[in-house]
Amino acid sequence: MHKARILILLIILSSCNTQNKTSQQKTPKKEQTNISNNAFRFEPNDEFQIVRFEHSNEYELTDSACNEWKLSESDIEQILKLLIPINGSQWHYEFGQYPCYVNGILNQNENNFKFSINSGSWLTISSDTTIFYGDIDGKLTNLFLDDRWTEEDYQ
């Protein structure tokens, strides 16, 4: 009886393995495309156009510094060209998250991207993924309410 159970178990396992191989063979291969991984990634050094933008204040306080923080289209272009990609840790520990934003859409190489500039010296650009950028070098501190935080700011 014990041998019969082992034999049945082996037959079941063998049939499962055969079915997996058959189903893998029947699955068509994904069609390869000529689109690179960077096809829809914003490239700051390439030409782009700002389609539209608007200022927003998440708190809408009358005396908020956000009410005074305004960026022109040329300011936005400069920011989009000069900020450097940052990772999540840099964003979290080195940049302030403020309620003041400039949100908009830009077009590059016939692809639309959403952008969101925060007054804390950082921005995001999104299409299929979201990339964070920050004013690492402090080149644009005059355009933001706060600049990048350093170790001295924590002491």
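Residues numbered from 1 in each chain as written. Predicted model: local features only at pLDDT ≥ 70, side-chain atom pairs only at ≥ 80, totals over all residues. Heavy atoms only, no water.

Which residues make up the side chain of Gln-108, and what values go with them?
Relative to the helices and strands, Gln-108 is located in strand S3 (residues 100-108). A polar side-chain atom of Gln-108 sits 3.5 Å from the main-chain carbonyl oxygen of Glu-47. Setting aside residues no more than four positions away along its own chain, Gln-108 makes contact with Arg-41, Phe-42, Glu-43, Asp-46, Glu-47, Phe-48 and Phe-113. (Helix = DSSP H or I, 4+ residues; strand = E, 2+ residues; numbered from the N terminus. Polar contact = N/O pair within 3.5 Å; in protein donor to acceptor, adjacent residues only side chain to side chain. Contact = heavy atoms within 4.5 Å.)

Summarise unusual backbone geometry; cite the residues concerned and give the values.
Backbone geometry places Glu-110, a non-glycine residue, at a positive phi of 65°. One can find Glu-110 in the loop between S3 and strand S4 (111-118). With a phi close to 75°, Ser-121 is a non-glycine residue in the positive phi region. Topologically, Ser-121 is positioned in the loop between S4 and strand S5 (122-126).

Lay out the pattern of salt bridges with the relevant residues and their values.
Scanning all chains against the criterion turns up 2 salt bridges. Arg-148 is the salt-bridge partner of Glu-94, the closest N and O atoms lying 2.7 Å from each other. Pair noted here: Glu-94 is in helix H3 (residues 88-94) and Arg-148 is in the segment after strand S6 (130-134), with a separation of 54 residues, a long-range link. The class of Glu-94 is buried, set by a relative accessible area of 18%. The class of Arg-148 is partly exposed, set by a relative accessible area of 27%. (Salt bridge = Lys/Arg side-chain N within 4 Å of Asp/Glu carboxyl O. Buried < 20%, exposed > 50% of the residue type's maximum accessible area, 1.4 Å probe, protein only.)

Explain the state of the cysteines residue by residue, including any values.
Scanning the entire structure with this criterion turns up 1 disulfide. Between the sulfur atoms of Cys-66 and its disulfide partner Cys-100 the distance amounts to 1.6 Å. Because the torsion about its S-S bond is -75°, the bridge between Cys-66 and Cys-100 counts as left-handed. In this pair, Cys-66 is assigned in the loop between strand S1 (49-57) and helix H2 (73-82) and Cys-100 in strand S3, connecting sequence segments 34 residues apart. (Disulfide = S-S within 2.5 Å.)

So what's going on with the environment of Glu-47? Residues and values would help.
You can see Glu-47 is positioned in the loop between helix H1 (2-26) and S1. By relative accessible area, Glu-47 is classed as exposed at 66%. Along the chain, Glu-47 and Lys-81 lie 34 residues apart, while their C-alpha atoms are 9.7 Å from each other. There is a polar contact of 3.3 Å between the side chain of Glu-47 and the side chain of Gln-49.

That is the geometry; function is a separate question.
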